[in-house]
Structures are given as C-alpha cells and as structure tokens.
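Examination of the molecular architecture
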Amino acid sequence: MNKPSTNPLLCDIESGMCEMPEPIVETTKNVVSAEKKPLKVIYYTDPICSSCWGIEPQLRKLKLEYGHALDIEYRMGGLLPDWSYNSGGISKPSDVAHHWDEVSAYYDMPIDGDVWLEDPLDSSYPPSIAFKAAQLQGAKKAIAFLRKIREMVFLQKKNITRPEYLRAAAEAAELDVDRFEQDFPGRARELFQEDLALARQLGVRGFPTMFFVDENGQMEKVYGTKPYAVYEQALLGQAPAVRKAPYATNWESLFAVYPTLTSREFAELAETARKDADPFLQQLADAGALEKEGSKNGVLWKRK
C-alpha cells in the first residue's frame, strides 16, 4: 500500500496513524497530570478514524488489566473538518472506500468502506461534538455512545453525521436524549473546541495518540496503532509499581463487560488463538447465547 501524504482518511498502516492535513506543533508541555489514580491516559481519537477502530482490542485489554490504576480521558481531535482539500491521493469521499477495505483486512477488524459510496460523511465534527455531549452525562455512557456510532459507521454503513443516527446511538447508550440534543449546539461544541486547543498544546499530529501521564505531569507518548505490549510498556514506564490485575477470560465474563465484541477483540481478550475464535463464537450463536451481525469484512458478536 502506498504511504499517504496528508489526507487524514488515508491512514498509514505502517505507523498505524491517521495524520492531520497539517502537523500540529507542540507549544506546551506538562499541562496535565494524573489525579485520582497513579496514571492518566489522554486518548486523542476520532469517531471515523479507522486506525482508532483498529486499536479497540488493545485498548479494551488495557482497561481490563490496568483499569484499577489508570483513568482514560477521551479527547476528540477533529480528523475531518470538511472536504476543502485535495491531498494524499484522494479528493472525494468515494476515494476512501477501497482504502477502508484494506485497513479492515490489515487490522482484522470489520470495516465496510462502501459507506463512502452509498452515504458519505462530509465531516467528522458532528459525531465528535455529539460525543462531547454524551460525556456531559458521564464517561461510561459516553464510551458506550462512541462504540455505538463506530459500529454504525464501520459495520452498518451509516452516515453518523445525521441527527437520526446520533439520536439512535444516544438512546442505545441510555442517555437523556433531550438533554443530549440541547447540549449539542452549545456546551458540547465548546468542549470540542477545548479538545482541539489542548491537542495543539500537546502536539497531537494524528490518531490514535495516547499520552501516559504520571502524577508529576511527565508524559510518555504513543502514536498510532501498536501491539498491546507497546502500551503496557509505556504504562509501566510511567508507573513502575503498578501491577496488572487478573481478569476472567471466559466468554460470559467478557460479554458481561463488553456487550459487543468483534472476533479479533474476543481472541485478544480471551487470550485464544485467532483461528479458534470464530468457530467458538459461532457455536454460541447457534446455541442462542449470542447474536451475530455480519458485514462485508467481518463480524460483530452481541450478547443476548
């Protein structure tokens, strides 16, 4: 695959990074520090970043093993402001479709690029602002909302800039939908701008980007989608005394924590061979324990 230049929707598979059209220059250091737990992770992401979808297995495992010692703070970076540029080999939404199919195969995560042919998005700002509105109702519900809109865009080919899909995701995440829609044009938009401002201070140049921050404000940055060991090493480098917590790897326990899992996610969290994951999960679906949502490039399994 050719390395992209500056188009944010052409993610560089080698680096695991969806880069911004123009690099952001770091101007301020140590602007945050860990507070309640030994470590804070500032996670810069975007709802339509395919590399961020690729990181979900590692991120979910990090939460299971080290959630007791770290707070993960989700920040929106504004991957696609609009289509007012022509770079990186694409000039219109339809050019992204094949690239997303390639990324899906590389990360082994279901992504259907046909959304860019059937109902293309003109910006990632509306779903980003919607996530900030969800955050106003609590971190747990906001993460559930983000997961839902990602499933919508990557598997279901839904244009998540549309209000009806954002509302449906808010309902699925058990948000107060009226409050969600009231917050969207006001406070949520302000919070999104604050995220963009902090991104400039921290020198964020693409997604995913994680900052592992200790109690003194010292940071370790990890750019791009990396193997799990890279994130674990960054965490332990900042908080050497932290120990991983054991967690139950049986399917019932995993689906109790995460109601939906891709095959790759299940294999990662259950610590089982990837080739064994689909047959096992299919048996559970045949027995009526799980629901199976298929897509062109993979499967999402749901707890019943």
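Above: the structure in question.
Okay, so let's go over this structure. Just so we're clear, the structure is a prediction, and the values are computed from it rather than from any experiment.

About the cut-offs
All residue numbers refer to positions counted from 1 along the written sequence of the respective chain. It should be noted that, the model being predicted, local features are given only for residues of pLDDT at least 70 and side-chain atom pairs only at 80 or more, the latter also being counted only at that level, while totals for whole chains, interfaces and linings use all residues. Processing note: side-chain calculations cover all non-hydrogen atoms of the structure and skip hydrogens and water entirely. Only protein chains enter the accessibility calculation, which uses a 1.4 Å probe. A residue is then buried if its area is under 20% of the maximum for its type, exposed if over 50%, and partly exposed in between. Each helix is a run of H or I in the DSSP string that is no shorter than four residues. Each strand is a run of E no shorter than two, and both are numbered from the N terminus. Picture the helix axis, draw a direction to every C-beta atom, and the arc is the one those directions span. Should any heavy atoms of two residues lie within 4.5 Å, those residues are counted as being in contact. Orientation is described by lines fitted to C-alpha atoms, with helices fitted over the stretch in contact, and by angles between N-to-C directions that extend from 0 to 180 degrees. Orientation categories follow fixed angle ranges, with anything under 35 degrees roughly parallel, anything over 145 roughly antiparallel, 65 to 115 roughly perpendicular, and all other angles oblique. Each crossing gets its handedness from the near helix: less than a right angle anticlockwise from the far helix is left-handed, clockwise is right-handed. Charged residues are taken to be Asp, Glu, Lys and Arg, nonpolar residues to be Ala, Val, Leu, Ile, Met, Phe, Trp, Tyr, Cys and Pro, and polar residues to be all remaining types, Gly included. Only strands joined by at least two bridges in the DSSP assignment are considered to pair.

What about helix 9 (residues 228–238)?
Among the residues of helix 9, those classed as buried are Tyr228, Tyr231, Glu232, Ala234, Leu235 and Gln238. The buried side chains of helix 9 occupy one side of the element, clustering within an arc of 160° when seen end-on. Along helix 9, the residues that are exposed and aim more than 90 degrees away from the buried face are Gln233 and Gly237. In this structure, the buried side of helix 9 is in contact with strand 2 (39–45), helix 2 (56–66), strand 3 (70–76), strand 5 (209–213), strand 6 (219–223) and helix 11 (263–270).

Topic: the packing of helix 5 (residues 125–135) against helix 6 (residues 139–154)
Two elements in contact, helix 5 and helix 6, have axes separated by 7 Å at closest approach and are oriented at 155°. As judged from the angle between their axes, helix 5 and helix 6 are roughly antiparallel. Crossing hand, helix 5 versus helix 6: right-handed. Along its contact with helix 5, which presents Pro127, Ala130, Phe131, Ala134 and Gln135, the element helix 6 presents Ala139, Ala142, Ile143, Phe145, Leu146 and Ile149. Here the contact of helix 5 with helix 6 is composed, by residue class, of 10 nonpolar, one polar and no charged.

Observations concerning the sheet that holds strand 9 (residues 298–303)
Taken in spatial order, the three strands line up as 7-9-8 in an open sheet, and their pairing is antiparallel. Edge positions in the sheet fall to strand 7 (260–262) and strand 8 (290–295), since each of these pairs with one other strand and no more. Within this sheet the neighbouring strands show an average axis-to-axis angle of 25°, counted without direction. Against the sheet, helix 11 contacts strand 7 and strand 9, and its axis sits at roughly 95° relative to strand 7.

What to know about unusual backbone geometry
Residue proline 208 follows phenylalanine 207 across a cis peptide bond; omega there is 0°. Tracing the chain through its elements places proline 208 in the loop between strand 4 (206–207) and strand 5. For aspartate 108, which is not glycine, the phi torsion reads 55° and is therefore positive. Locating aspartate 108 in the fold gives a position in the loop between helix 3 (97–107) and helix 4 (115–118). Positive phi, normally seen in glycine, also occurs at glutamate 271, with a value near 55°. Along the chain, glutamate 271 falls in the loop between helix 11 and helix 12 (274–286). Owing to a relative accessible area of 52%, glutamate 271 belongs among the exposed residues under this scheme.

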